[in-house]
Amino acid sequence: MSAATFTTNLGQLTERLGTTLLTLEAGRAQAARPVSTVVLHDPLDPPEITQDAIVLAVAVATDDDLADLVRQAGEARAAALIVRESLPVSREVAASAEQYQVSLFGLVRGASWVQVATLLISALNLGPSGAEQGANDPARDLFTLADSVSALLGAPVTIEDRSSRVVAFSANQLGTDEARRLTILGLQVPEVYSNHQRTQGVFPLIYGSERPIFLAKPAPDTMPRVAMRIAAGDEVLGSIWAVTPEPFDAERELRMIEAAQVVGLAMLRARVSADAAERVAESLGMMLLDGGSSAREAAQQLGFERSPACVLVLGPLQDEDEIRTVSDTQRAAAALRMHLRSVHPRAIAIPMGGLVYAVVPLRSADEHAVAAVERLATEFVGRLDTSTEFCAGLGDVVSDVSGLSLSRRNAEATLRVLRSRPERVGRAARFADVQIDALMFRIGDLLDADGVTLDGPLIVLREYDASHRTELVATLRAWLEHFGDVLAASREVHIHKNTFRYRLERIEEITGADLRDPDTRFGLLLQLRLEALVPSN
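Model, not experiment: these values are computed from the prediction.

Scanning the protein from terminus to terminus reveals 20 helices and 16 strands. Within the protein, contacts between residues separated by at least 24 positions form 62% of all contacts whose residues are at least 6 apart in sequence.

Have a look at this one:
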């Protein structure tokens, strides 16, 4: 269960849930006792009980188990323990609760543990004015719910929409398989699995049932799962998937049904919140990327106006299938947000113009910080599980966010180089590593904008090659790239050194160029570089 920064006390929490749900069974009320988090206790996989926590004793069924849990909670200095009212509280347990200063509450029969956990977590995230904190993050409640459902069911879970995109997943990874790992990494069920499920009619089976469905082999090389549809009224929103070796018993089935109802309401709420949050994020992101005073205003709202920052641009390596590329870019944007959140929580990522832009604030502008962002980008594009291959360009770090427009241009230039020469540059790079190629593109753009057509000896030589079926341009390129080393250049083009020297003489005769002149050599090599990088010129 996710921890929340303490903003309330035990009295406020119990008042929020009301006496219809909770009854003090033992220990003191401790109304002023601060509360920091909610912990779902599973005796088969005991979680860490932290100070000032509320512990939900979901699977505690005997007096001995309860006595042990009260002692554990007390030693960890937890604030309270909630059990089912059907579980009797002995004198020994009551004395232990008093001794360890743990408030022991009974939860009314019929109440859903998921709903109780959700109410408590929601209350923990209320500020002094009662306004919910972090409401701009619609995924928070769903990830919290995923952890809650996982604890209740005793199984790792994913929450997916109808397109098999991952909406949230539980932190528990024990006893899972490669399919779940790939699903979480890409925030999407890999096609090899989802296609199999579609051809086998798995989704109509799940969506048409009001009860959980056990799938002994949901796809090749996967562990069994129990799936439950998520619906709001007549609309099916998605499904919950739990990794489990055997079907659920009646109690766990009921828990999953209750959980699906709560998750359905949360998904509807997240849909509305996400639309608003996405608009806000896009607005702030565009302000940052524009640089200047607007970037300072946006950075101030995001809490990093005094931090150095850089721009990371993610884009498809090739635009082969436009529809698939657009879909994969949206998935990549969502995955990048998730990836950045764990390392750079103040970073912001938005899709724009067929690319994904991320502004990453840094603690410092030193080499270590920049290298860390480059490693993050390299690992991300390497692990991204989409049909479309992506690459990432990293712009220069700017000490003031007003200069982010420059970092953006550098990142875009880097991405352009990566897409043109992936076999040489790789899938992720900094601007500093590709400056020369980026400069070649810039020169080519300027020539094109001014309507300048490159002419001179190289054009004459190409025409001669075309009409005489010779390879004088290749000879010239090899000689220039090997700095006039005839032996090395002749080996590259697979001819004798004397033949190579004869060709150089013919090049000078045909073009009138003086290959001994350094400016002539530089001009020819520059033109060859431009043609290789920007063929249109």
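Alright, that's what it looks like, and here's the rest.
This part covers the sheet that holds strand β10 (residues 225-232). As summarised here, the arrangement of the five strands in space is β8-β7-β11-β10-β9, forming an open sheet in which the pairing is antiparallel. At either margin of the open sheet sits one strand with a lone partner, and together these are β8 (166-169) and β9 (213-215). Put simply, the sheet's adjacent strands are angled 25 degrees from each other on average, direction ignored.

The terminal C-alpha atoms of helix α13 (residues 404-420), which comprises 17 residues, lie 24 Å apart, in line with the 24 Å expected from a rise of 1.5 Å per residue. Of the positions making up α13, those classed as buried are L404, S405, S407, N410, A411, T414, L415, V417 and L418.

Another point: the nonpolar core. A general feature of soluble globular proteins is that nonpolar side chains tend to end up buried together. Judged by nonpolar contacts, the single largest core of 78 residues is most densely connected at I54, L56 and I82. Setting aside its immediate chain neighbours within four residues, L56 contacts V38, V39, L40, H41, I82, W113, A117 and L120. Membership of the second largest hydrophobic core comes to 30 residues, among which are M287, A298, M352 and A429.

Turning next to the packing of helix α17 (residues 472-481) against helix α19 (residues 497-511). What describes two packed helices is the angle between their axes and the distance between those same axes. Taken N-terminus to C-terminus, the directions of α17 and α19 make an angle of 110 degrees; their axes are 10 Å apart at the nearest point. By the angle between their axes, α17 is roughly perpendicular relative to α19. Across the interface between the two elements, L472, T475, L476 and W479 of α17 pack against F500, R503, L504, I507 and I510 of α19. In terms of residue class, the contact of α17 with α19 is built from seven nonpolar, one polar and one charged.

A word on the confidence of the model for the protein. Low-pLDDT portions of the prediction should not be read for the details of their coordinates. Across the protein, the average pLDDT comes to 82, with 87% of residues at 70 or higher. Ignoring residues within four places in sequence, the model shows residues 1-7, a span with pLDDT below 50, making 29 contacts including any to other chains. Ignoring residues within four places in sequence, the model shows residues 126-139, a span with pLDDT below 50, making 21 contacts including any to other chains.

At a closest axis distance of 9 Å, the pairing of helix α2 (residues 63-75) and helix α3 (residues 91-100) adopts a crossing angle of 5 degrees. In this view, α2 runs roughly parallel relative to α3, as classed from their interaxial angle. Judged by residue contacts, D63, L66, A67, V70, R71, G74 and E75 of α2 engage V93, S96, A97 and Y100 from α3.

Read across the sheet, five strands follow the order β13-β14-β12-β15-β16 without closing on themselves; strand pairing throughout is mixed. Each edge of the open sheet is held by one strand with a lone partner, namely β13 (348-352) and β16 (428-430). Along the sheet, successive strands turn relative to each other by an average axial angle of 20 degrees, direction set aside.

Turning our eyes to something else, we now look at the pairing of strand β6 (residues 103-107). Of all five residues making up β6, five are buried, and the element is well covered by its neighbours. Across four bridges, strand β2 (residues 22-26) lies against β6 in antiparallel orientation. When the sheet's bridge partners are listed, L24 is paired in β6 with F105. Bridge count between strand β5 (residues 80-84) and β6: five bridges; the pairing is parallel. Bridged to A80 within β6 is S103.

Moving on to unusual backbone geometry. The phi dihedral of Q101 is positive, around 60 degrees, even though this residue is not glycine. At S164, a residue that is not glycine, the phi angle is positive and equals roughly 65 degrees. Assignment of secondary structure puts S164 in the loop between β7 (157-161) and β8.

Cut-offs applied
Residues numbered from 1 in each chain as written. Predicted model: local features only at pLDDT ≥ 70, side-chain atom pairs only at ≥ 80, totals over all residues. Heavy atoms only, no water. Helix = DSSP H or I, 4+ residues; strand = E, 2+ residues; numbered from the N terminus. Contact = heavy atoms within 4.5 Å. Pairing = 2+ DSSP bridges. Axes fitted to C-alpha atoms, helices over the stretch in contact; angles between N-to-C directions. Expected span 1.5 Å × (residues − 1). Buried < 20%, exposed > 50% of the residue type's maximum accessible area, 1.4 Å probe, protein only. Core = buried A, V, L, I, M, F, W, Y, C linked by side-chain atoms within 4.5 Å. Parallel < 35°, antiparallel > 145°, perpendicular 65-115°, else oblique. Nonpolar A, V, L, I, M, F, W, Y, C, P; charged D, E, K, R; others polar. pLDDT = per-residue confidence, 0-100.

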